[in-house]
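Structure at a glance
Below, each chain spelled out in residue letters.
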Amino acid sequence: MLALTALSHAGVDELLGDRLIFVNCTHESLVEGHLSLLNPDKVILEVPPLGHTAAEEVRTRLPTLQTLRQRGFRLAFSHTVLESAYAAWLPLADFIKLDLSVLPADQVTVLAKYAARQTRAQLIAEKIETAAQLELLSSLGVKLFQGYWLSRPQLVEARLLFPTAANVAHLMQLLRGQGSTQEIEALIKRDAVLSFNLLRLAVTSGVTPDEGFQSIEHVIRLLGNHRLSCWAGLLQNFRVTSETTPPAARNAVRYGRFMELIAKTQQLPPSVSDHAFLVGAISQLQELLDIPLDAIVDLLHMPQSVRDAVLQQTGYLGALLALAQASELGEIADLQQSASGLRVSQKQLNEARTQAEDWAEIA
């Protein structure tokens, strides 16, 4: 859950950027389905030693580790993986950690040289607390270090948004009952926080297409039932949910639905109304997240047409957003001008506004 929330945060900058996150695991957690929610390119799984039962369990645990490597995860081990009992695991090691708080200098030298000969793993010297330790490990060819001598731990706060407990429970019910993609989409689109979390989850899971996400339905299909079920289960089990929907979230849903309905009345391709919903909802997330719109769009990996509409109000989608804003503010002159430019009738405006308000109230 730590890894998931850290990678799914709503910060101005990517929490990791081009860095990696090392996650301490248990052997039980390595076989759980929630690992499918993480992007293997960003996450290193730290595999603990087995203790006194190593000789018996190494072969038993081997298939799990091999599967994780096949899925693209890199694995880190402590220096104990260099012991003969772990010979079957050694070829799977991408990183080996040398703990300077428990290893004397002569043993560190032996292990570093042995690892260099027997593995392709990168060595990490951790808990470096003196200049002498740093100099010794550097002379042995080690290039990755961690410890108080170099820097103190820094607290990184991840800003998180929690969907309502009722909507998460409803989502889980649909997933367990084999609800249709359309039912799942309708639920998620009624909750702007759930929509935002879903989009961030897709980025976290590494399923982002080059052209960006085209719709909420597109994201649902990319993630699949298994990932969605794991995600909903984590939200429920760890109780990272809210009891109420923030007003700003309802506002985002109302904008998105209004623009989607107007696009549909003009009999445009479904992709246009899908993009219209994204533009409307995302354009209102600034108040909810308290970060700039351009940062929000970057976090969600939107298509270029959506980016341009949200940030510059260009193209058809930009004009549709201007119409939604004029309708929301009650600016009659601007509303009439925008509606005229898009050839939207007063009746279409009224119906879309009413339906969008009803949609947002259901959330």
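In every chain, residue numbers begin from 1 and rise along the written sequence. It should be noted that, the model being predicted, local features are given only for residues of pLDDT at least 70 and side-chain atom pairs only at 80 or more, the latter also being counted only at that level, while totals for whole chains, interfaces and linings use all residues. The basis for every side-chain value is the complete set of heavy atoms in the structure, and neither hydrogens nor water enter the calculation.

Side note on the overall build of the protein
Secondary structure elements are defined from DSSP: runs of H or I of at least 4 residues count as helices, runs of E of at least 2 residues count as strands, and each element is numbered from the N terminus. Scanning the protein for helices and strands turns up 16 helices and six strands. Counting only C-alpha atoms and orienting by the principal axes, one finds that the protein spans roughly 85 × 45 × 35 Å. Note on definitions: a residue-residue contact is assigned when non-hydrogen atoms from the two residues lie within 4.5 Å. Counted over contacts in the protein with a minimum sequence separation of 6, partners at least 24 positions apart contribute 64%. We get accessible surface area from the Shrake-Rupley algorithm with a probe of 1.4 Å; when it comes to residues, only the shown protein chains can shield them. When the accessible surface of the protein is split by element, carbon and sulfur atoms take 50% of a total near 18,100 Å². Residues counted as positive are Lys and Arg, residues counted as negative are Asp and Glu, and His and the chain ends are not counted. By convention, the point assigned to a charge is CZ for Arg, NZ for Lys, CD for Glu and CG for Asp. Mean positive and mean negative side-chain charge positions of the protein (30 and 38 charges, respectively) differ by 5 Å.

Considerations on the pairing of strand β4 (residues 93–99)
Consecutive side chains of a regular strand alternate in pointing toward one face of the sheet and then the other. Any residue under 20% of the maximum accessible area for its type is buried, any over 50% is exposed, and the rest in between are partly exposed; the area is computed with a 1.4 Å probe on protein chains only. Burial within β4 is extensive, with seven of its seven residues counted as buried. Of the strand pairs in this sheet, strand β3 (residues 74–78) and β4 are connected by four bridges, and their pairing is parallel. Looking across to β4, one finds that Phe-77 is bridged to Ile-96. In this description, strands pair whenever DSSP reports at least two bridges between them. Bridge analysis of β4 against strand β5 (residues 122–126) gives five bridges, and the strand direction is parallel. Residue Asp-99 lies in a different strand from β5, and its bridge partner there is Glu-126. By convention a crossover is right-handed if, when the strands point away from the viewer, the path from the first strand over the helix to the second runs clockwise. As a crossover connection, the stretch from β4 through helix α3 (residues 105–118) into β5 is right-handed.

A closer look at the side chain of Ser-36
The topology assignment puts Ser-36 in the loop between β1 (21–24) and β2 (43–47). Filtering out sequence-adjacent residues up to four positions away, Ser-36 remains in contact with Arg-71, Ser-205, His-226, Arg-227 and Cys-230.

A short note on the pairing of β3
The sheet contact formed by β2 and β3 spans four bridges and is parallel. Bridging across to β3, Leu-45 finds its partner in Leu-75.

Focus on helix α14 (residues 315–329)
A helix is expected to span 1.5 Å multiplied by its residue count minus one. Its 15 residues give α14 an end-to-end C-alpha distance of 21 Å, which sits within 8% of 21 Å, the value for a rise of 1.5 Å per residue. Within α14 the residues assigned to the buried category are Leu-317, Gly-318, Leu-320, Leu-321, Leu-323, Ala-324, Ala-326 and Ser-327. Where the residues of α14 are buried, they touch α9 (247–265), α10 (270–283), α13 (304–312), α15 (332–342) and α16 (346–362). In the segment just after α14, Gly-330 is the residue with positive phi, at about 75°.

Notes on unusual backbone geometry
The phi dihedral of Lys-127 is positive, around 65°, even though this residue is not glycine. Among the secondary structure elements, Lys-127 is positioned in the loop between β5 and α4 (131–139). Given the relative accessible area of 38%, Lys-127 is considered partly exposed. At His-301, a position not held by glycine, the phi torsion is positive, near 50°. Positionally, His-301 belongs in the loop between α12 (293–300) and α13. Its relative accessible area of 31% is what places His-301 among the partly exposed residues.

So, to be careful, I would describe these as geometric facts and stop short of saying anything about function.
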